[in-house]
Structures are given as structure tokens and as C-alpha cells.
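Each chain is listed here by its residues.
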Amino acid sequence: MDERVHEHAEILVDWSARVESGDNVVLSIGPDAHELAVAVAEQVGERGANLLATYSSGEIQRAYLQAHDGDFETDPTHDLALAREADVFLSLGGGRNTSATADVPGEKRQAYRKARQEIRESRYDSRWVSTVHPTRSLAQQANMAYEEYQDFAYSAIIRDWEALADEMAQMKELLDEGSEVRLVSSETDLTMSIEGRTAVNSAASVAYDSHNLPSGEVFTAPADTEGTVHFDVPMTIQGERVQDVRLEFEAGEVVDYAAGQGEAVIEETLETDAGARRLGELGIGMNRGIDRYTDTILFDEKMGDTVHLALGRAYDACLPEGESGNESAVHVDMITDVSEDSRLEIDGRVVQRNGRFEWEDGFES
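Per an unreviewed UniProt entry, the protein carries the name Aminopeptidase and comes from Natronoglomus mannanivorans.

In C-alpha cells:
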């Protein structure tokens, strides 16, 4: 086994999920993530935690959804009980087909998501972390040779996370102290309120309220969005290709939309529920170990020189205690490249221009 698989597992268990003796750990394993699962199981066993391994396959999910009549039971008790009892939930992505569920009718996908709201919320209450094992299907989606993709993935995953956390703390402080963010580029002019919000220094650890490995972003929960935004980074959403998405916001809600490809997916997302027309996240990519687009949101949204926005659910970590943010059954991220002809302002102060932050060499105020 590649030694980097063991390093990946150790980072996931120790740094990211902080697994301790006696923890109830649920391990969700993608079809081609077997090697990583074996390494993670070894790490969990060494720490004296309790392990339950489950199998997660897009093809199995497709078969179930296609066969079902669409009248899904709300939060089935066996699944809800598992979510409630887990101290740690680890998701190891690594499927054989990144578009396995592409032909499942949109209304059926919506119904399934809505029927599992409490299960999702219970998992979010655990120390949950999502990661991926570099697979041939992901390499193919990224248009890379398999060995090339492995090198890319591990350069983003195996790194000095404490050092990156210290750098990202500068952006967190700016957002925490700010009231309004404005994003401007050639086809974007969007203003968002961040008054009273708390930014998350997403350093790939639950200790930082961060739940992705790799990570490397600072994000918050915006409100009162006004203006237009163009997402120019292609991506796969619900198994379908989407690119050149344009959204127009008024009074915090999407009032118009268009896409060069995959417009039906955007429509499906927006029609999920009332919260799906509002933003749940503003994220600023800061992981410069991710140096190219791969059509995998786990990596692409963390890339330096990018900003991403998510339609739907807001994360509680960004909100004042006792206050509920935007609620939705979806959280769909979309990305815009800010490496050229762009600026990010906080209360009128330019803190990033053309992808460079104010503390970096080459920044022009």
C-alpha cells in the first residue's frame, strides 16, 4: 500500500476527526476507497474506538431511487438511530462513476433529500468529516493520468495544516470584524451582509468547525444578498455537467438565473424549498496546494484564486448562538475564478485583488 494512504488516514483520524477511545465511529466507504478504509480502520482500532463500516455506492443509490415510487418515509428510524448514536461520521468518497445518479428524476432526488432532513442534521451534530481516496474515476474526471492525480490529491491533503490555519486566521479576522462583502469581476457585482456572523477558519479539523479533508478555505454565512454573480468554473452537480451559471439576487433571493449548460439542474436546486433560493455560504479558497480544477467540489472550492457561494443551508458555526440561519435540504456550491480582473472588498477595503491577499507579495491595493 502507498505510504501516503497511511498518512492520509492518520491525518483524518487524528487531526481532522479527533477520534478518541470509546468513540462510536461510522465509516462510510465508497466502492474504490477500500485501501483508505483499511488504513482508517487500523487507526481507529489503535485508538480504542468502536467501528461500524458501511458501504456507499452511487450505483446502489441509483437502483434504489429508480425503483422507488418516490413516497419516501420521513427519517427512517434505523438510519436516524445510527446518525444519532455516532460520535464520529467519516465519509470516504471514491466511486466508480461520478455520474452514477445522473438519470434519476430530479423530483425524486428532491423528495429523498427532504425526507432525510433530521438524519442529515443528526450527522452534522457529530464530528463528521468527508474526504476522498484518489481513484481512477476521479482522475478521469479531472483529465489526469492516475499517478498524476494521486500526486495532486496528496499534495492537497498531506500538508502542514497548523501553518495554513495560522495564515487563514487573517482572513477570518477580517470577516469577523466586517459588516459587508462585495465581490466584483468582469461579470459579477454582488454585495452581501456579514453583520454579526462568525467566519470559520476551515483548516480540515473539527476543532476549527471544519469538516472536509482537504480543506483550506474561510467561509461565513451571508445575508441580504444583492446583485449578480457569474460562476465560470465548470462542475458536476447531481451527476450532471453545469457551467457558466448566472444568478441575480434581490432582497436576498434568486430572482433570475441562467446557465450555458445544465440549467435544469440549477432550476431543480432552486425549487427544492424556500431556502434554496438564498445563500448559505460565502467561501474564500486559500489552499494553494490545489493548483488546478478537477471537477470535484471537495478540491475545487478550496483552491486559491477562487471564491465560492452555496445555495441553501447555512452552517450553525457561522451564526450567533440561538440564531438559526438559512434552512434548506440542499447545500450546492458554485465557484468563480478571481485570479484576474477581480477584487474582494470588506466594508469598502480591498482585501484581495486578482487572487492575491493583502498580506501576500504582489498584492495591489
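Peer 1: Let's hear about helix α10 (residues 263–270): which residues, and what values?
Peer 2: Listed in full, the buried residues belonging to α10 are V265, I266, E268, T269 and L270. If you follow the buried residues of α10, they end up packed against α5 (106–114), β11 (235–237), β12 (240–250), β13 (253–261), β15 (306–312) and β16 (331–337).

Peer 1: Tell me about the sheet that holds β15, and name the residues and values.
Peer 2: Strand order in the open sheet formed by 5 strands is β7-β9-β14-β15-β16, and the pairing between neighbours is antiparallel. Looking along the sheet, the strands with just one partner apiece sit at the ends: β7 (200–202) and β16. Within the sheet, the average angular offset between the axes of one strand and its neighbour, ignoring direction, is 25°. Note that strand β14 (residues 279–285) and β15 share 5 bridges and pair antiparallel. Bridging across to β15, L282 finds its partner in L309.

Peer 1: Requested: an account of the sheet that holds strand β4 (residues 127–132), with residues and values cited.
Peer 2: Sheet architecture is open: 5 strands sit in the order β2-β1-β3-β4-β8, paired in parallel fashion. Every interior strand has two partners, whereas the edge strands, β2 (50–55) and β8 (212–213), have only one. Two elements, strand β1 (residues 24–29) and β2, share 6 bridges in a ladder whose sense is parallel. Among the inter-strand pairings, V25 is bridged to a residue of β2, identified as L51.

Peer 1: So what's going on with a negative patch on the surface? Which residues, and what values?
Peer 2: Taken together, the side chains of D224, E226, E248, E250, D256, E263, E267 and E271 make up a negatively charged region of the molecular surface. Elements represented by at least two residues in the negative patch include exactly β10 (223–231), β12 and α10. Here E226 shows up in strand β10.

Peer 1: Explain the environment of E268 to me, and be specific about the residues and the numbers.
Peer 2: By the element assignment, E268 lies in helix α10. Considering only alpha carbons, one finds E268 and G48, 220 residues apart in sequence, at a separation of 44 Å. Those residues within four positions of E268 in sequence are excluded, and the remaining contacts are G106, R109, Q110, R113 and Q238.

Peer 1: Outline the nonpolar core, listing residues and values.
Peer 2: The biggest cluster of nonpolar side chains holds 87 residues, and the ones touching the most others in it are V40 and L247. Core analysis: the second largest hydrophobic core is formed by 6 residues, V200, F219, A221 and L319 among them.

Peer 1: Tell me about the packing of aromatic side chains, and please be specific about residues and values.
Peer 2: In the structure shown here, the tally under the stated rule is 11 aromatic pairs. A centroid spacing of 6.1 Å and a plane angle of 45° characterise the contact between Y64 and F72, whose relative ring orientation is tilted. Y64 sits in the partly exposed class, given a relative accessible area of 40%. The class for F72 is buried, based on a relative accessible area of 11%.

Peer 1: Report on the pairing of β10, specifying residues and quantitative values.
Peer 2: Both strand β6 (residues 188–193) and β10 contribute to a ladder of 4 bridges, which runs antiparallel. Pairing of L190 across the sheet is with G227, part of β10. Bridging between β10 and β12 involves 5 bridges; their strand directions are antiparallel. If you follow T228 over to β12, its bridge partner there is E248.

Peer 1: Tell me about unusual backbone geometry, residues and numbers included.
Peer 2: Residue P214 is bonded to the preceding L213 through a cis peptide linkage, with omega at 10°. In this structure, P214 sits in the loop between β8 and β9 (217–220). For D305, which is not glycine, the phi dihedral falls at a positive 75°. Along the chain, the position of D305 falls in the loop between α11 (297–300) and β15. When its relative accessible area of 21% is taken as the criterion, D305 is described as partly exposed.

The rules behind the values
- Residues numbered from 1 in each chain as written.
- Predicted model: local features only at pLDDT ≥ 70, side-chain atom pairs only at ≥ 80, totals over all residues.
- Heavy atoms only, no water.
- Buried < 20%, exposed > 50% of the residue type's maximum accessible area, 1.4 Å probe, protein only.
- Helix = DSSP H or I, 4+ residues; strand = E, 2+ residues; numbered from the N terminus.
- Contact = heavy atoms within 4.5 Å.
- Pairing = 2+ DSSP bridges.
- Axes fitted to C-alpha atoms, helices over the stretch in contact; angles between N-to-C directions.
- Patch = residues over 30% accessible without salt bridge, like charges linked within 9 Å, V, L, I, M, F, W, Y side chains within 5 Å.
- Areas by Shrake-Rupley, 256 points an atom, 1.4 Å probe, with all protein chains shown as cover.
- Salt bridge = Lys/Arg side-chain N within 4 Å of Asp/Glu carboxyl O.
- Lys, Arg positive; Asp, Glu negative; His and termini not counted.
- Charge placed at Lys NZ, Arg CZ, Asp CG, Glu CD.
- Core = buried A, V, L, I, M, F, W, Y, C linked by side-chain atoms within 4.5 Å.
- Phe/Tyr/Trp six-rings, centres within 6.5 Å; stacked < 30°, edge-to-face > 60°.

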